[in-house]
Amino acid sequence: MIEALFFYLFAAVMLGAGLMVVVSRNPVFSVLFLILAFFNAAGLFVLIGAEFIAMLLVVVYVGAVAVLFLFVVMMLDINFAEMRAGFQKYLPIGLVVGGILVFELVAAMYGDAFSGATLPAASEISNTRALGNVLYTKYMYLFQVAGLILLVAMIGAISLTMRRRSGVRRQVIAEQNMRRREDSVEIVDVPVGASARTVATVPPGKRER
Amino acid sequence: MDLIMNSYVIELAWIVGKIMLVVGPLLIAVAYLTLAERRVIGFMQLRKGPNVVGPFGMFQPFADALKLMAKETILPAGANKVVFMFAPMLTFILALVAWAVIPFGEGLVIADINVGILYLFAISSLGVYGVIMAGWASNSKYAFLGALRSAAQMVSYEVSMGLVIINVLICVGSLNLTAIVEAQRGMWFALPLLPMFIVFFISTLAETNRAPFDLPEGESELVAGYFVEYSSMSFALFFLGEYANMILMSGMTTVLFLGGWLPPFDIWPLNIVPGPLWFILKVMLLLFVFLWVRATTPRYRYDQLMRLGWKIFLPFSLIWVVLTSGFLLWTDNLPAVMAG
Amino acid sequence: MFAFQMADIMPALPEIFLAGIALVLVLVAAYGGETPRSARRVTRIAMGGILITLALVVNGDPLASRAFGGMFSADSFAIYMKVLVLLGTFAALGMSLRSDGDSDINKPEYSLLVLLALVGMMLMISADNLMALYMGVELQSLPLYVVAAMRTNSLRSSEAGLKYFLLGALSSGMLLYGASLVYGVAGTTDFAGIAEAISGRDMPTVFIIGMVFMISGLAFKVSAAPFHMWTPDVYEGSPTLVTALFAIAPKVAAISLLLRLSYGAFGSIADQWQQVLIALSVGSMVIGALGAIMQTDIKRMMAYSSIAHMGYALAGLAAGTVAGVTGVMIYMTGYVFMGAGTFAIILLMRRDGAEATRITDLQGLSRTHPLLALGLLVMMFSMAGIPPLAGFFGKWYVFLAAVEAGLVPLAVIGVVMSVIGAFYYLRIIRLMYFEDTDSPLDSKIPMANRVVLGASLAVILLFFAGIAGLLAAADSAAVALIVLG
């Protein structure tokens, strides 16, 4: 009974949060509601006994991805009203597409279409270990290709955004370590009474570093 | 039906009782940690620190708390009120809920779940939300800058923390915290994984925004960083959350590397000391190091902080994962569950 | 416990080798700096890697072709298509090896990303499982989104990349949604398993919907109408080198995947997907032929031309027979070489070092560059389907298969559209030979373009001589795909 109660609690909050992601006026709230939705999804995973996936969802999506979302959304200077201007216009088509998808899912669920699918038997071992057993053996191929895809994403992001800007002073540690006393210090014998400036012999270019 | 309801009620009461048993002492510990910080740093800097209220200044934290509670809660005019008030609560709550899985002794844990370490990791990775929400909702540039720094910093150091945790997991073969402690019966992981222990500890400093990584607060440039607009109880919640997080991180380090509740050696005078006492002693030792570091190191520059996280810790801990697993495989020492 | 044998991995050796080269190149590129010299070095290594991979692919044993528990299949069909993709990418990379190339594409990451996309294409061709299919599609698409936007200081390039990315992501979503429905009904992600699960069973509507979603998602990737909207903008906005790559290689992979999916997984319900493919085919032929007429930019024109070509290829696919598959393979063979040859010339359309890609820029080419004009003439004739060039044979076998399968109206529409399409190909020839110009294009022709153009011309002109051999190879590959599964 308690499980059912929690299921409905998580599911209801998740749906509500999902709705708010779409309709809230401020994108920051959208992201915050998205996080709430992720959380409740994690709760649902816990309920079906997939605690590993649940924690992964929180660590990866809530702990890292959504933070960066929030980061970007907060930094962007968006005119919210302008951004929402098209909402009314696109609402009908969005509703139609969404409606079709929902209808299909409902049809699939309540027809006996999915009867051919056999649910894998719940195994005795914990699901973390079960995942580990197949991830690096049976599904090694997919795992490696996923790694390649992530590598591509990384290379792509770097090559599209990184550019060397001139006029930026960077710290080059190797250069600092290579610096010797002789490069920057010069012992000058200052005669009594003369000011240091008049006897400075260091050429101006060398003084910069 | 009655019977079922009764058993539920009893169970619920038992759970609440256990939670109280953890949270109560925790809050007192937080209060005294603030005092300890001021006293310890005071001594290190040849000052006395607060020593007037009560014997040795023992009542100082309570005086502070009273003062904060008596003050007015100020809501900045341009602030987003809901998020502004929610942020400190979130920080505080997260600092408390993580304790659910920390084992204080054999079987002395509120929830002995399978994926305990992942739960801890997940909760600690959420801490950033309190900070970033506070910074954004304050509608103040200092607060916002602090929040952005903090978000980038915490996300960066989580990565290497995760890899360090993997090192430990490879040695244990379980995500359960009790199992992790039990696996250290022979030798604490701090010895074979010493470099990882150091990386982890430094990462916890960054994760809790403590010196020398306290740029999110950076009082010399950002006034107080993300909580500059907070006052009274909302400020107190941040404060409590930060210190509770320090204790939590120390607890996590203890469980992962210092053998949790186990005595250093399983010999007579040591092994009659109760487990929880060992646990508390180890946590206190780590907390002392936290304070010690704060008293003695200057603050990192931001680019140095990022370089340390991404270019040094991340590759280093990644290489160490390969080394650890390679070594265990080579010497045929993999945990039984993984060798299969 | 699941344990790997060497035999489980060996069929994927070419891909593993190529991915390894890519990983090495990451380091070479990272430590080589961002100079054009480093970019050329990366490109050269990549091209060498492709050649070795080609040898590995050709030497693969099509009989022991299953790897990774049946997720990966390197049968003779895959070998045939992979050779095409490898050759096409090799040509596209080769043409980027010019010392005076525009500096913004001269990044070491370019060849690296193209190489990774190539791995993706090869995985797509070999995919024999819904999950492997999706992974291959993503690995192929992601690098292409990036290279489309590679010219970071050009608004149009960024726009092209963004458009490509958004629509590509949408199509991936459709693909996934469809795949999930198919998996839900079949209970397995293996193509063979799906075929087994659906044979002799009354198919629920949900399965058909899932299948249509999957085909639509892949239609995006081959830019078949009505999922073609991104093609002209992306072709026009991307750097021309990238456009050349888009025009040559990825569509071969996408068509192969479509072939394998429809014959391998959905083979027993061919009558269901035939209607969808016929609609896609007719739409693409019509839109490609009519759309190209209005274009003034040659890259846009080539985009519509490629849409039309995909329409013809899909006509062969829609036939649902071995002859149809053979026709598609012959068609794609010609398509790769026509694309490579044409873009070898389009890449030379520069005036005073700046790109000049308007069709009218070709005016009077026969006087300023007679050989180039002759080359383009052959390419255009071939695209229009004039015998005895490569394009003719492709169309011939495709339409023949369609007629044999009883799809006479489809073949008729195809022939009519070919005639309309011939109009804009011939317009280019008219501009080159019967118009005059006072501002000729630059005359420098880099070695790589000469080689690519020469090789493509040779293949296209001598296609009739080797057609028997090609047919035999394609036929056995088609049999391997359909009959042997």
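Residues numbered from 1 in each chain as written. Chains lettered and ligands numbered in written order. Predicted model: local features only at pLDDT ≥ 70, side-chain atom pairs only at ≥ 80, totals over all residues. Heavy atoms only, no water.

Let's talk about the overall build of chain C
Item 1. Each helix and strand counted, chain C has 20 helices and four strands in total.
Item 2. Rg of the C-alpha trace for chain C: 21 Å, near the compact-globule value of 23 Å for 485 residues, within the 12% margin.
Item 3. C-alpha extents for chain C along the principal axes are approximately 70 × 55 × 40 Å.
Item 4. Out of the 485 residues in chain C, the part that is buried amounts to 62%.
Item 5. A separation of at least 24 residues holds for 82% of the contacts in chain C among residues at least 6 apart in sequence.
Item 6. Separation between the mean location of the 26 positive side-chain charges and that of the 28 negative ones in chain C comes to 7 Å. (Helix = DSSP H or I, 4+ residues; strand = E, 2+ residues; numbered from the N terminus. Rg over C-alpha atoms; globule rule 2.2 N^0.38 Å. Buried < 20%, exposed > 50% of the residue type's maximum accessible area, 1.4 Å probe, protein only. Contact = heavy atoms within 4.5 Å. Lys, Arg positive; Asp, Glu negative; His and termini not counted. Charge placed at Lys NZ, Arg CZ, Asp CG, Glu CD.)

Concerning the side chain of Ser238 of chain C
Residue and element names in this part refer to chain C.
Item 1. Tracing the backbone through its elements, the reader meets Ser238 in the loop between helix H9 (230-237) and helix H10 (240-248).
Item 2. A distance of 2.6 Å separates the side chain of Ser238 from the backbone oxygen of Val234, its partner in a polar contact.
Item 3. Leaving out residues up to four positions away in the same chain, Ser238 has contacts with Ala148, Ala160, Thr243, Phe246 and Lys299. (Polar contact = N/O pair within 3.5 Å; in protein donor to acceptor, adjacent residues only side chain to side chain.)

Digging into the interface of chain C and chain A
Quite often, the size of an interface is put as the accessible area lost when its parts meet.
Item 1. Between chain C and chain A, the contact holds 40 residues from the first and 29 residues from the second.
Item 2. Counting the surface lost from both chain C and chain A, the interface buries some 3100 Å², and carbon and sulfur atoms represent 79% of this.
Item 3. On inspection of chain C and its partner chain A, the count reaches zero salt bridges.
Item 4. Here chain C is connected to chain A by one residue pair in polar contact (both at pLDDT 80 or more).
Item 5. Secondary structure elements with two or more residues in the side of chain C that touches chain A: helix H1 (13-32), helix H4 (108-126), helix H5 (130-148), helix H6 (155-186) and helix H8 (205-222) of chain C. (Buried area = accessible area lost by both parts, 1.4 Å probe. Salt bridge = Lys/Arg side-chain N within 4 Å of Asp/Glu carboxyl O.)

Some points on helix H11 (residues 275-296) of chain B
Item 1. Taking 1.5 Å per residue as the helical rise, H11 of chain B with its 22 residues ought to reach 32 Å, and the 32 Å between its terminal C-alpha atoms agrees with that figure.
Item 2. When H11 of chain B is considered as a whole, its buried residues turn out to be Gly275, Trp278, Phe279, Lys282, Val283, Leu286, Leu287, Phe290, Leu291 and Val293 of chain B. (Expected span 1.5 Å × (residues − 1).)

Comments concerning the packing of aromatic side chains
Item 1. A complete count under the given rule lists 37 aromatic pairs over all chains for this structure.
Item 2. The structure contains a cluster of three or more aromatic residues connected by ring pairs, namely Tyr145, Tyr164, Phe165, Trp230 and Phe246 of chain C. (Phe/Tyr/Trp six-rings, centres within 6.5 Å; stacked < 30°, edge-to-face > 60°.)

Re the packing of helix H7 (residues 194-207) of chain B against helix H9 (residues 232-257) of chain B
Residues and elements named next belong to chain B.
Item 1. Two elements in contact, H7 and H9, have axes separated by 10 Å at closest approach and are oriented at 165 degrees. Our classification of the angle between H7 and H9 gives roughly antiparallel. Both H7 and H9 take part in a crossing whose hand is right-handed. Between H7 and H9, the residues in contact are Met196, Phe197, Phe200, Thr204 and Glu207 and Met249, Met252, Thr253, Leu256 and Phe257, respectively.
Item 2. Counted by class, the contact of H7 with H9 contains seven nonpolar, two polar and one charged residues. (Axes fitted to C-alpha atoms, helices over the stretch in contact; angles between N-to-C directions. Parallel < 35°, antiparallel > 145°, perpendicular 65-115°, else oblique. Left-handed = near helix turned anticlockwise from the far one by under 90°. Nonpolar A, V, L, I, M, F, W, Y, C, P; charged D, E, K, R; others polar.)

With respect to unusual backbone geometry
Item 1. In this structure, Pro226 of chain C follows Ala225 of chain C across a cis peptide bond, with omega equal to 0 degrees.
Item 2. When you line up the elements, Pro226 of chain C lands in the loop between H8 and H9.
Item 3. Residues Pro387 of chain C and Pro388 of chain C are joined by a peptide bond in cis, for which omega reads 5 degrees.
Item 4. Following the sequence through the fold, Pro388 of chain C ends up in the loop between helix H16 (370-384) and helix H17 (390-404).
Item 5. Here the phi dihedral of Asn209 of chain B falls at roughly 60 degrees; this positive angle occurs in a residue that is not glycine.

Thoughts on a nonpolar patch on the surface
Item 1. Judged by side-chain polarity, Met1, Ile2, Phe6, Leu9, Val13 and Leu36 of chain A together with Tyr8 of chain B come together as a nonpolar surface patch covering roughly 610 Å² of accessible area.
Item 2. Ranked by the residues each element gives to the nonpolar patch, the list is headed by helix H1 (residues 2-23) of chain A, at four residues.
Item 3. Its location among the elements puts Ile2 of chain A in helix H1. (Patch = residues over 30% accessible without salt bridge, like charges linked within 9 Å, V, L, I, M, F, W, Y side chains within 5 Å. Areas by Shrake-Rupley, 256 points an atom, 1.4 Å probe, with all protein chains shown as cover.)

With respect to the pattern of salt bridges
All names here are of chain C.
Item 1. On inspection of all chains with the given rule, the structure shows 18 salt bridges over all chains.
Item 2. For Asp128, the salt bridge identified is with Arg66, shortest N-O distance 2.4 Å. Here the residue Asp128 occupies a position in the loop between H4 and H5, and Arg66 occupies one in strand S1 (residues 66-67), the gap between them amounting to 62 residues.
Item 3. On the basis of relative accessible area, Asp128 is assigned to the buried category, the value being 6%.

Looking at the nonpolar core
Item 1. Counting residues in each nonpolar core, the largest one holds 199 residues, and the members touching the most others are Met81, Ile194, Leu259, Phe266 and Met332 of chain C.
Item 2. With 15 residues, helix H14 (residues 322-346) of chain C is the largest single contributor of residues to this core.
Item 3. Filtering out sequence-adjacent residues up to four positions away, Met332 of chain C remains in contact with Met81, Leu84, Lys251, Val252, Ile255, Met310 and Ala313 of chain C.
Item 4. Counting residues in each nonpolar core, the second largest holds 116 residues, with Val23, Val115, Leu169 and Tyr243 of chain B among its members. (Core = buried A, V, L, I, M, F, W, Y, C linked by side-chain atoms within 4.5 Å.)

Overview of helix H7 (residues 191-198) of chain C
Residue and element names in this part refer to chain C.
Item 1. The set of residues buried in H7 consists of Phe191, Gly193, Ile194 and Ile198. Projected down its long axis, H7 shows its buried positions confined to an angular sector of 160 degrees, all on one face.
Item 2. The elements touched by buried residues of H7 are H5, H6, H8 and helix H11 (250-265).
Item 3. Backbone geometry just downstream of H7 places Gly200 in the positive-phi region, at approximately 65 degrees. (Arc of directions from axis to C-beta.)

A short note on the environment of Val286 of chain C
Residue and element names in this part refer to chain C.
Item 1. Tracing the chain through its elements places Val286 in helix H12 (residues 270-293).
Item 2. Looking at Val286, the relative accessible area reads 24%, which means it is partly exposed.
Item 3. In the structure, Val286 is positioned 128 residues away from Gly414 in sequence and 8.5 Å away in space, judged by C-alpha atoms.
Item 4. Once residues within four sequence positions are removed from consideration, Val286 is found in contact with Gly291 and Met417.

Side note on a positive patch on the surface
Item 1. On the surface, a cluster of positive charge is contributed by Arg163, Arg165 and Arg170 of chain A together with Lys311 of chain B.
Item 2. Tracing the backbone shows Arg170 of chain A in the loop between helix H7 (140-161) and helix H8 (173-178).

Quick word on the confidence of the model for chain C
Item 1. Taken residue by residue, chain C gives an average pLDDT of 87. The fraction at 70 or more is 97%.
Item 2. With a pTM of 0.86, the predicted complex shows an ipTM of 0.89. (pLDDT = per-residue confidence, 0-100.)

Focus on the packing of H10 of chain C against H14 of chain C
All names here are of chain C.
Item 1. Two elements in contact, H10 and H14, have axes separated by 8 Å at closest approach and are oriented at 165 degrees. One finds that H10 runs roughly antiparallel with respect to H14. Note on packing geometry: the crossing formed by H10 with H14 is right-handed. Contact with H10, carried on its side by Thr240, Thr243, Ala244, Ala247 and Ile248, involves Tyr335, Val336, Gly339, Ala340, Phe343 and Ile346 of H14 and no other residues of that element.
Item 2. For the contact of H10 with H14, the class distribution of residues is eight nonpolar, three polar and no charged.

Observations concerning the side chain of Ser126 of chain C
Item 1. With respect to the helices and strands, Ser126 of chain C occurs in helix H4.
Item 2. What Ser126 of chain C contacts, discounting residues up to four positions off in sequence, is Glu15, Met71, Phe72, Ser73, Ala74, Ala78, Lys82 and Arg260 of chain C.

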